[in-house]
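# Fold and contact review
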Amino acid sequence: MDGIHWTAIGAAGTNGLHEIGVLAANSGGFVAIQRGTTGVAPWISSATGQDWTRVGSLSGTSDGSIVDVTASGSGFAAVGTVGGSAAAWLSTDGLAWTARTVSDGAGVTLVSVAATGQRLVAFGQGPDPRQDPLVFVSDDGGRSWTRAASGSRPQSFWPPVLAVADGFIATDYGVWTSRDGLTWDDMAWTTAVGDALSGRVPAVAANRTRIVTAAMPKGAGSPVFWIGETNSP
């Protein structure tokens, strides 16, 4: 695998999947979500990624949607909303999904999720889009969720979140780092960038040694890539 040689999978292999919002992968296979579709169900694929199968609608999603999915220590975890409240699901294989309890999630949509070990962190968007996102945490692999009562939060409407070896990274209007997913700090980004860039940072990815963010300047302009170290979020 070198990222240079790719194989296209035709429509027959994707089994009607279209408008993919998010993807997640572990050693057993892949999960794809059509973000924002009411009553949405995941599609899964084997480790080859060549043949996709639609999973039957998840219990309780007829008036809600799955917004994000991530690989967890025990399989996959998905988040979103049902009936106007935060919702989460777990699956060991991508086929069978179980709804999990999210405490204090009324009026909230969970918009992004990441996992490291047994700790999962999700950001939730409340009814007022002008407010910073809410933070929800699970310490049992996603089986139960609680809303963080305090702590600093990224300044964003819909922050992507990424788990790295020793913490979490969130982006959007800046780059925010956290050891525990509860308290977030933008000091490292502010120190490195200063006033050189003040636009959005809509994407972030990491491997074992490097973090790469794609930053968009305000107004017109091409994206600027910033590279950081993964040893200290």
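Note: the structure precedes this text.
A brief report on the enclosed structure follows. (Residues numbered from 1 in each chain as written. Predicted model: local features only at pLDDT ≥ 70, side-chain atom pairs only at ≥ 80, totals over all residues. Heavy atoms only, no water.)

### Comments concerning the overall build of the protein
To be explicit about the condition: For the purposes of this entry, the term helix denotes a DSSP run of H or I that reaches at least four residues, the term strand denotes a run of E that reaches at least two, and both are numbered from the N terminus. Here the term buried applies to any residue with accessible area under 20% of the maximum for its type, exposed to any over 50%, and partly exposed to those in between, with areas from a 1.4 Å probe on protein chains only. Residue contacts are defined here by distance: any two heavy atoms, one from each residue, within 4.5 Å place the two residues in contact. Accessible areas in this description were obtained via Shrake-Rupley with a 1.4 Å probe; residue shielding takes into account the shown protein chains only.
Tallying secondary structure elements over the protein gives 2 helices and 18 strands in all. Within the protein, the proportion of its 233 residues that are buried is 43%. Taking as baseline every contact in the protein between residues at least 6 positions apart, the subset at least 24 positions apart corresponds to 39%. With the model as given, the accessible surface of the protein reaches about 11800 Å², and the carbon-plus-sulfur share is 53%.

### Points about the packing of aromatic side chains
Counted only if it meets this: Only centres within 6.5 Å qualify two rings of Phe, Tyr or Trp (six-membered ring in Trp) as a pair; their planes then separate them into stacked at under 30 degrees, edge-to-face at over 60, and tilted for everything else.
Summed over the entire model, instances satisfying the criterion amount to 1 aromatic pair. On the numbers, 5.3 Å between centres and 50° between planes, the contact of F123 with W184 is tilted. Here W184 lies in the loop between β15 (174–178) and α2 (187–193) and F123 lies in strand β10 (residues 119–125), a separation of 61 residues in the sequence. Residue F123 shares its accessibility class with W184, and that shared class is buried.

### A closer look at the pairing of strand β11 (residues 134–138)
Regular strands place their side chains on alternate faces of the sheet. We count it as follows: For two strands to be treated as a pair, DSSP must find no fewer than two bridges joining them.
Along β11, 5 of the 5 residues are buried, which leaves the element largely enclosed by surrounding structure. Burial along β11 is two-sided: the residues L134, F136 and S138 and V135 and V137 are all buried. Examined bridge by bridge, β10 and β11 share 5 bridges and lie antiparallel to one another. Bridged to V121 within β11 is V137. Both β11 and strand β12 (residues 144–147) contribute to a ladder of 2 bridges, which runs antiparallel. Along β12, the bridge assignment pairs V137 with T146. Counted between consecutive antiparallel strands, the loop separating β11 from β12 contains 5 residues, among which G141 sits at a positive phi close to 75°.

### Let's talk about the sheet that holds strand β16 (residues 200–206)
What counts here: Whenever a helix is involved, its axis is fitted only over the stretch in contact; in every case the axis is a line through C-alpha atoms, and angles between N-to-C directions fall within 0 to 180 degrees.
Spatially, the 3 strands line up as an open sheet ordered β16-β17-β18, and their pairing is antiparallel. In this open sheet, the two strands that pair with only one neighbour each are β16 and β18 (224–229). Across the sheet, the mean angle from the axis of one strand to that of its neighbour is 20°, orientation sign disregarded.

### Considerations on the layout of surface pockets
Rules: A 1.4 Å probe that fits into a set of points on a 1 Å grid over the protein atoms alone but cannot get out defines a cavity; an open set with protein on both sides within 12 Å along at least five of seven lines defines a pocket, and lining residues are those with an atom within 4 Å of a point. Grid points are joined across faces, edges and corners, and a volume is the space filled by probe spheres set on the points. Asp, Glu, Lys and Arg are counted as charged, while Ala, Val, Leu, Ile, Met, Phe, Trp, Tyr, Cys and Pro are counted as nonpolar; the rest, among them Gly, fall into the polar class.
Taken as a whole, the largest pocket encloses approximately 340 Å³ of empty space. For the largest pocket, the lining is made up of 22 residues, of which V22, D68, V69, V113 and V161 are closest to its centre. Counting only elements with at least two residues in the lining of the largest pocket, the list comes to β1 (22–26), β5 (64–72), β9 (109–116), β13 (161–164) and β16. Of the residues assigned to the lining of the largest pocket, the class counts are 18 nonpolar, 2 polar and 2 charged.

### A short note on the pattern of salt bridges
How we decide: Put simply, a salt bridge is a Lys or Arg side-chain nitrogen that is within 4 Å of an Asp or Glu carboxyl oxygen.
For the structure shown, the criterion picks out 2 salt bridges. With a closest N to O distance of 3.7 Å, R147 and D104 form a salt bridge. Highlighted residues: R147 in strand β12 and D104 in the loop between β8 (98–102) and β9, separated in sequence by 43 residues. The exposure class of D104 is exposed, given its relative accessible area of 54%. A salt bridge links D139 to R119, with the shortest nitrogen-to-oxygen separation between them at 2.7 Å.

### Considerations on the sheet that holds strand β3 (residues 43–46)
Taken in spatial order, the 4 strands make up an open sheet running β1-β2-β3-β4, and their pairing is antiparallel. The open sheet is flanked by β1 and β4 (52–54), the only strands paired with a single partner. Pairwise comparison of adjacent strand axes, ignoring direction, gives a mean angle of 20° for this sheet. Examined bridge by bridge, strand β2 (residues 29–33) and β3 share 4 bridges and lie antiparallel to one another. Within β3, the residue paired with F30 across the bridge is S45.

### Brief notes about the environment of S74
Examined against the element boundaries, S74 turns out to sit in the loop between β5 and β6 (75–82). A residue is classified by how much of its surface remains accessible, and S74, at 36% relative accessible area, is partly exposed. As for S74 and S91, which are separated by 17 residues in sequence, their C-alpha atoms are 7.7 Å apart. Here S74 is in contact with S91, T92 and G141, once residues within four sequence places are set aside.

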